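Residues per chain, in single letters:
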Amino acid sequence: MQFQPIGPAARTDQVAFDRKELGVILALYGRMVAAGEWRDYGISHLSDAAVFAVFRRTAEHPLYRIEKRPKLRDRQGQYSVIGMDGQILKRGHDLKTVLRVLERKLIRAVDDL
């Protein structure tokens, strides 16, 4: 009989957002939901990246993808925001700084009211 490890040691081959990173992302997500801009999200933990995808409706392509790629930590930065068309909108080493590109959209949404 073989046992599978449980907990953090169980999935060392996957990249994931830690609690602090997820808190920053979900705070922005909550503000955008309150503004009526976003409605759903999905999280993927892959072997080379963690992805937080944001949707306007459940059954469509994501509006934005927030990605964490640790292999790019020493180059452009491990965090990036990617638009619906695949274009990288912002990349950097600090998650809060990278997410500012999406907060600008929140300011516009509030101003339009």
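Rules and cut-offs
- Residues numbered from 1 in each chain as written.
- Predicted model: local features only at pLDDT ≥ 70, side-chain atom pairs only at ≥ 80, totals over all residues.
- Heavy atoms only, no water.
- Salt bridge = Lys/Arg side-chain N within 4 Å of Asp/Glu carboxyl O.
- Helix = DSSP H or I, 4+ residues; strand = E, 2+ residues; numbered from the N terminus.
- Buried < 20%, exposed > 50% of the residue type's maximum accessible area, 1.4 Å probe, protein only.
- Phe/Tyr/Trp six-rings, centres within 6.5 Å; stacked < 30°, edge-to-face > 60°.
- Pairing = 2+ DSSP bridges.
- Axes fitted to C-alpha atoms, helices over the stretch in contact; angles between N-to-C directions.

1. Quick notes on the pattern of salt bridges
Evaluated as defined, the whole model comprises six salt bridges. One salt bridge in this structure joins Glu37 and Arg56, with 4.0 Å as the shortest N-O distance. Placement of Glu37 in the loop between helix H1 (19-34) and strand E1 (40-45) and of Arg56 in the loop between strand E2 (50-55) and strand E3 (64-68) is noted, with a sequence separation of 19 residues between them. Note on Glu37: relative accessible area 24%, which makes it partly exposed.

2. Notes on the packing of aromatic side chains
Overall, the coordinates contain five aromatic pairs when judged by the stated rule. Consider the rings of Tyr29 and Phe52, whose centres lie 6.2 Å apart with planes at 75°: the pair is edge-to-face. Here Tyr29, found in helix H1, pairs with Phe52, found in strand E2; they are 23 residues apart in sequence, far enough to count as distant. Like Phe52, Tyr29 is buried.

3. A look at the sheet that holds E2
The sheet built from five strands is open, its strands ordered E1-E2-E3-E4-E5 with antiparallel pairing. Two strands in the sheet have a free side with no partner beyond their single neighbour: E1 and strand E5 (88-92). Neighbouring strand axes in the sheet, compared pairwise and without regard to direction, differ in orientation by 15° on average. Alignment of E1 against E2, held across six bridges, turns out to be antiparallel. Along E2, the bridge assignment pairs Gly42 with Ala53.

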